[in-house]
Amino acid sequence: MGTAFNDALAAQVDLRGLRDAFSPAATYSAFLEIEKAVALVQGEMDMIPADAAQTIADNCRVERLDMTRIEADYGVTRHPLMPLL
């Protein structure tokens with residue numbers, strides 16, 4: 001299958017939704033939703049103080065991330081979770 005096949009296929013597939021779904025902001029937003037859920041459950045189970053769990057949950061927002069630093073750290077670690085952690 002040469003480039004003609006790939007070009008024809010690319011013309012038939014709308015990748016814009018995939019680009020949005022897997023953008024850095026969307027990816028880190030999904031990671032933060034998981035961290036938020038974990039913190040809230042840990043708070044409910046008294047693994048961490050409930051007020052700390054709520055503070056963590058309240059701050060799990062992609063707008064609060066320094067995406068420049070995260071991108072730089074990703075360049076070093078080559079792992080998407082390490083800069084977040």
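Just so you know, these numbers come straight off a predicted model, no measurement behind them.

Q: Looking at this structure, I do not really get the overall build of the protein chain. What am I missing?
A: What the protein chain contains, in helices and strands, is five helices and zero strands. Along the chain direction, N to C, the helices and strands of the protein chain fall in the order α-α-α-α-α. Expressed as a percentage of the 85 residues in the protein chain, the buried residues total 13%. Sequence separation of 24 or more characterises 52% of the internal contacts of the protein chain that already satisfy a separation of 6 or more. For the protein chain, the exposed area adds up to about 6400 Å²; of that, 59% sits on carbon and sulfur atoms.

Q: Is there a simple way to think about the environment of A52 in this case?
A: Relative to the helices and strands, A52 is located in helix 4 (residues 50-59). Sequence spacing of A52 and L40 is 12 residues, and the spatial spacing of their C-alpha atoms is 9.0 Å.

Q: Is there a simple way to explain the environment of P80 in this structure?
A: Among the structural elements, P80 can be located in the segment after helix 5 (67-77). In this structure P80 comes out as partly exposed when scored by relative accessible area, which is 33%. Put simply, P80 and Y28 are 52 residues apart on the chain and 8.4 Å apart in space, counted from C-alpha to C-alpha. If near-sequence neighbours (up to four positions away) are discounted, P80 is found in contact with Y28, F31 and Y74.

The rules behind these values
- Residues numbered from 1 in each chain as written.
- Predicted model: local features only at pLDDT ≥ 70, side-chain atom pairs only at ≥ 80, totals over all residues.
- Heavy atoms only, no water.
- Helix = DSSP H or I, 4+ residues; strand = E, 2+ residues; numbered from the N terminus.
- Buried < 20%, exposed > 50% of the residue type's maximum accessible area, 1.4 Å probe, protein only.
- Contact = heavy atoms within 4.5 Å.
- Areas by Shrake-Rupley, 256 points an atom, 1.4 Å probe, with all protein chains shown as cover.

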